[in-house]
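A closer look at the structure
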Amino acid sequence: MKSGLALAAAILALASVPGVAREFIPLPPEQAGRSYSPGVVTKGGKTIWLAGVTTLADEQGKSLAGDVDGQIRFIFREIERTLAKQGGKLSDIVTMTVYLTDARFRDQLSKVRNELFSKNPPASAQITVSALAVPGFLVEVQAVAVVGDE
């Protein structure tokens, strides 16, 4: 209960910062280096709701079946391309939900996320599921981004 009140107070304090489109709530020091923020406060900007992205092949049509690293990296490149069409970039992502078909994939996911979001990682949920929409999909990422200022 105490930590919930502290988080709510932090969110209210950050929400009152004028002229800032997003503020990333930092992790406590004992969790430093993790690839997510416990919360992100947004104000203004254009909100982009991204559909879940999955793949079985890369941009050249090469199969990524069984290649969790390849699927993760393609997914983030595809999200980046979608955001770019709206003037955004990966760093504009404020939250994401990641579905994994095997909990052991979390280490590879964290490695890639740490590369891509070394500063101000988005809030995040990671869910392990028995399967995704198409056999062979190992990972699916859905995200929300806030692009620009007020």
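Attention in this report is confined to the structure presented alongside it.

Rules used throughout
- Residues numbered from 1 in each chain as written.
- Predicted model: local features only at pLDDT ≥ 70, side-chain atom pairs only at ≥ 80, totals over all residues.
- Heavy atoms only, no water.
- Pairing = 2+ DSSP bridges.
- Helix = DSSP H or I, 4+ residues; strand = E, 2+ residues; numbered from the N terminus.
- Axes fitted to C-alpha atoms, helices over the stretch in contact; angles between N-to-C directions.
- Contact = heavy atoms within 4.5 Å.
- Salt bridge = Lys/Arg side-chain N within 4 Å of Asp/Glu carboxyl O.
- Buried < 20%, exposed > 50% of the residue type's maximum accessible area, 1.4 Å probe, protein only.

1. What about the sheet that holds strand 5 (residues 123-128)?
Here 4 strands make up an open sheet; going across it, the order is 3-6-4-5 and the pairing mixed. Both outer strands of the open sheet, strand 3 (46-53) and strand 5, are each paired with one neighbouring strand and no more. Mean inter-strand twist for the sheet, computed between neighbouring axes without regard to direction, equals 5°. Two elements, strand 3 and strand 6 (residues 139-147), share 6 bridges in a ladder whose sense is antiparallel. Of the residues in strand 6, the one forming a bridge with L50 is A143. The sheet strands contacting helix 2 (residues 68-84) are strand 3, strand 4 (93-100) and strand 6, and the helix crosses strand 6 at an angle near 25°. Across the sheet, helix 3 (residues 106-116) is in contact with strand 4 and strand 5; its angle to strand 4 comes to roughly 155°.

2. Brief notes about the pairing of strand 4
The pairing of strand 4 with strand 6 spans 7 bridges and is antiparallel. Bridging across to strand 6, L100 finds its partner in V139. As paired elements, strand 4 and strand 5 share 6 bridges and run parallel to each other. By the bridge assignment, M96 is partnered in strand 5 with S124.

3. Regarding the pattern of salt bridges
In the structure shown here, the tally under the stated rule is 7 salt bridges. Note that K89 and D92 form a salt bridge whose closest N and O atoms lie 3.8 Å from each other. Judged by its relative accessible area of 46%, K89 is partly exposed. Overlapping salt bridges, with partners in common, bring together E59, R77, E78 and R81 in one network.

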